[in-house]
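Single-letter residue listing:
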Amino acid sequence: YREALEARREVLGARHPNTLSSMGNLAILLKDQGKLDEAEPLYREALEARREVLGARHPSTLTSMGNLANLLDSQGKVDEAEPLYHEALEASREVL
């Protein structure tokens, strides 16, 4: 996953949707391996980039928001996770 992410960054650019998908996939893999601290910056970067590129209410942005909230919750950072959960839920109700 790391190699795919780096290749996509070089070929497609850092903000291309396929690059952002690779970033999210790597973050999920790291989380599943228990490497929560390594996964967090990737989740944050993917969310920030998707907000910029796709908009705050795009379904992929909302998925990234939920993924980051879930990670933060897993890390015990409930105070950071809760607003993201609420934002994702409210936006999903409006959009979907």
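Along each chain, the written sequence defines residue order, and numbers are assigned to residues from 1. Thresholds applied to this predicted model are a pLDDT of at least 70 for local features of residues and 80 or more for the giving and counting of side-chain atom pairs; totals over whole chains, interfaces and linings are not thresholded and use all residues. Water and hydrogen atoms play no part in the side-chain values, which are based on all heavy atoms of the structure.

A.B. asks: Where do I start with the overall build of the protein in this structure?
C.D. replies: Along the backbone of the protein there are five helices and zero strands. Secondary structure counts use DSSP, requiring at least four H or I residues in a row for a helix and at least two E residues in a row for a strand, with both numbered from the N terminus. The order of α-helices and β-strands along the protein, N terminus first, is α-α-α-α-α. Relative to a compact globule of 96 residues, whose C-alpha radius of gyration would be 12 Å, the protein shows 13 Å and is just as compact. Split into buried and exposed, the 96 residues of the protein put 31% on the buried side. Note on contacts: a residue pair is in contact if any heavy atoms of the two residues lie within 4.5 Å. If you take every contact in the protein between residues at least 6 apart in sequence, the share linking residues at least 24 apart comes to 44%. In these tables, accessible area is a Shrake-Rupley quantity obtained with a 1.4 Å probe, and a residue counts as shielded only by the protein chains included in the view. Surface exposure of the protein reaches about 5500 Å², of which carbon and sulfur atoms provide 49%. We count Lys and Arg on the positive side and Asp and Glu on the negative side, and we leave His and both chain ends out. One atom stands in for each charge, and that atom is NZ of Lys, CZ of Arg, CG of Asp or CD of Glu. Measuring between centres, the 12 positive side-chain charges of the protein sit 3 Å from its 17 negative side-chain charges. In this treatment the radius of gyration is a C-alpha quantity, and the globule benchmark scales as 2.2 Å times the residue count to the 0.38 power. A simple rule labels every residue: compare its accessible area, found with a 1.4 Å probe on the protein chains alone, to the largest value its type can have, and call it buried under 20%, exposed over 50%, or partly exposed in between.

A.B. asks: Would you mind going over the nonpolar core with me for this structure?
C.D. replies: Nonpolar side chains tend to gather and get buried jointly when the protein is soluble and globular. What we call a nonpolar core is a set of buried Ala, Val, Leu, Ile, Met, Phe, Trp, Tyr and Cys residues that are connected through their side-chain atoms within 4.5 Å. Core analysis: the largest hydrophobic core is formed by 22 residues, its most contacted members being Met23, Leu42, Tyr43, Met65, Leu68 and Leu84. Sorting the residues of this core by element identifies helix H2 (17-32), helix H3 (36-54), helix H4 (59-74) and helix H5 (78-95) as the ones contributing at least two each. Apart from the residues lying within four places of it in its own chain, the contact partners of tyrosine 43 are Ala27, Ile28, Lys31, Asn67, Leu68 and Leu71.

A.B. asks: In this structure, what is going on with empty space enclosed by the protein? I would like to understand it.
C.D. replies: Over the atoms rolls a probe the size of a water molecule, and its path tells where empty space is left. With a 1 Å grid spanning the protein atoms alone, the term cavity applies to any set of points in which a 1.4 Å probe fits but cannot get out, the term pocket to an open set with protein on both sides within 12 Å along at least five of seven lines, and the term lining residue to any residue with an atom within 4 Å of a point. Grid points are joined across faces, edges and corners, and a volume is the space filled by probe spheres set on the points. Within this structure, the stated rule accounts for one cavity of 30 Å³ or more. Of all the secondary-structure elements, those providing two or more residues to the lining of the largest cavity are H3 and H4. The greatest single-element share of the lining of the largest cavity, amounting to three residues, is contributed by H3. When its residues are assigned to classes, the lining of the largest cavity shows two nonpolar, three polar and one charged. By the convention adopted, Pro, Cys, Tyr, Trp, Phe, Met, Ile, Leu, Val and Ala count as nonpolar, Lys, Arg, Asp and Glu as charged, and the other residues, Gly among them, as polar.

A.B. asks: What exactly am I supposed to notice about the side chain of serine 64 here?
C.D. replies: Tracing the chain through its elements places serine 64 in helix H4. Residues within four places of serine 64 in sequence aside, it is in contact with Ala46, Leu47 and Arg50.

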